[in-house]
Amino acid sequence: RFEEKLKVLKELCSNSNDDDMKQQDLTKKCDVLQKDIYGVFVTPEVENDDVIFEEMMEKLNPVLIEQLIDNIANPLWIQEICIFLSRIAQYHTARFAEYGNKYYDKFFQLIGYGSNIIIHACSKTCLVIASMVQFLNSPTCEAMTSSLINATGLMENSSKSSESIKKYWDYQTIIYKCLLASVLGNVPLTKNEYC
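Cut-offs applied
- Residues numbered from 1 in each chain as written.
- Predicted model: local features only at pLDDT ≥ 70, side-chain atom pairs only at ≥ 80, totals over all residues.
- Heavy atoms only, no water.
- Phe/Tyr/Trp six-rings, centres within 6.5 Å; stacked < 30°, edge-to-face > 60°.
- Helix = DSSP H or I, 4+ residues; strand = E, 2+ residues; numbered from the N terminus.
- Lys NZ or Arg CZ within 6 Å of the ring centre and 35° of its normal.
- Salt bridge = Lys/Arg side-chain N within 4 Å of Asp/Glu carboxyl O.
- Buried < 20%, exposed > 50% of the residue type's maximum accessible area, 1.4 Å probe, protein only.
- Lys, Arg positive; Asp, Glu negative; His and termini not counted.
- Contact = heavy atoms within 4.5 Å.
- Axes fitted to C-alpha atoms, helices over the stretch in contact; angles between N-to-C directions.
- Parallel < 35°, antiparallel > 145°, perpendicular 65-115°, else oblique.
- Left-handed = near helix turned anticlockwise from the far one by under 90°.
- Nonpolar A, V, L, I, M, F, W, Y, C, P; charged D, E, K, R; others polar.

Undergrad: If you had to explain the packing of aromatic side chains to someone new, which residues and values would you point to?
TA: How two aromatic rings sit relative to each other is set out by the distance from centre to centre and by the angle between their planes. Scanning the entire structure with this criterion turns up 11 aromatic pairs. Geometrically, the ring pair formed by Tyr 38 and Phe 84 is edge-to-face, given 6.4 Å between the ring centres and 80 degrees between the ring planes. A residue pair is termed long-range when its members are at least 10 positions apart, and Tyr 38 in helix α2 (residues 19–41) and Phe 84 in helix α5 (residues 75–91) qualify at 46 residues. A connected cluster of aromatic rings, assembled from ring pairs, spans Phe 2, Tyr 38, Phe 41, Phe 53, Phe 84, Phe 96, Tyr 99, Tyr 103 and Phe 107. In this structure, Arg 87 packs its charged tip against the face of Tyr 38, placed 3.7 Å from the ring centre.

Undergrad: How would you explain the pattern of salt bridges if you had to name every residue and give the values?
TA: Tallied over the entire structure, the rule returns four salt bridges. A salt bridge links Glu 3 to Lys 59; the shortest N-O distance between them is 2.4 Å. Remark: Lys 59 occurs in helix α4 (residues 53–70) and Glu 3 occurs in helix α1 (residues 2–14); sequence separation between them is 56 residues. In this structure, the salt-bridge partner of Lys 35 is Asp 31, at a minimum N-O distance of 3.7 Å. Separated by four residues within a single helix, Lys 35 and Asp 31 lie in helix α2, roughly one turn from each other. Taking relative accessible area as the criterion, Lys 35 reaches 59% and is therefore assigned exposed.

Undergrad: Hey, could you go over the side chain of Asp 25 for me, with residue numbers and the actual values?
TA: Topologically, Asp 25 is positioned in helix α2. No salt bridge is formed by the buried Asp 25; the nearest opposite charge belongs to Lys 28, separated by 4.5 Å. Other than its neighbours up to four places away in sequence, Asp 25 contacts Leu 12 and Asn 15.

Undergrad: Any details on the packing of helix α6 (residues 97–113) against helix α9 (residues 162–186)? Residues and values, ideally.
TA: Orientation of α6 relative to α9, taken along the N-to-C sense of each, is 155 degrees, at an axis distance of 10 Å. As far as their axial angle goes, α9 and α6 are roughly antiparallel. Crossing hand, α6 versus α9: right-handed. For the pair α6 and α9, contact is made by Phe 108, Ile 111, Gly 112 and Tyr 113 and by Lys 167, Tyr 171, Ile 174, Ile 175 and Cys 178, respectively. Residue composition of the contact of α6 with α9, by class: seven nonpolar, one polar and one charged.

Purely geometric stuff here, so don't read any function into it on its own.
See the structure below:
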């Protein structure tokens, strides 16, 4: 069932016709992503490992990451992808940790150079990932934290205009919020048997 839905999504994503068709395709893409594909991710079969979450994510990730890269001019579609990923991160808090850093890299590029809608959607999704995802191993934690730290260098504070300086610090603030949320979500704040 997942393979069929993913095939439909890929076909819709590859269509590049006139504006009317693009709008129809956007509605269809949203339906396939939010109803059909998300519907598979929240089935009991996935929770019980009859259907493997990781296998589905490995097939879906390249499609969504490509869409994030190619659609900076389509804020509504970016927003839908963000909503989908936020829902997945909240539902599969431990399982999503393996993929968070891949999305951080793309989201912070979009936050740096996208429209206001894209900035808002991507920054909120990063905060959801940072605050909801639970790290079960150190390498995953290190990969996600490194992605956030590397993102601080994606936008340079080279301009002297007040608007550019504000955007630069707004961008940096989002990263720092994510780092703080990630620490608060994963580091024990009181002494326990492990630390």
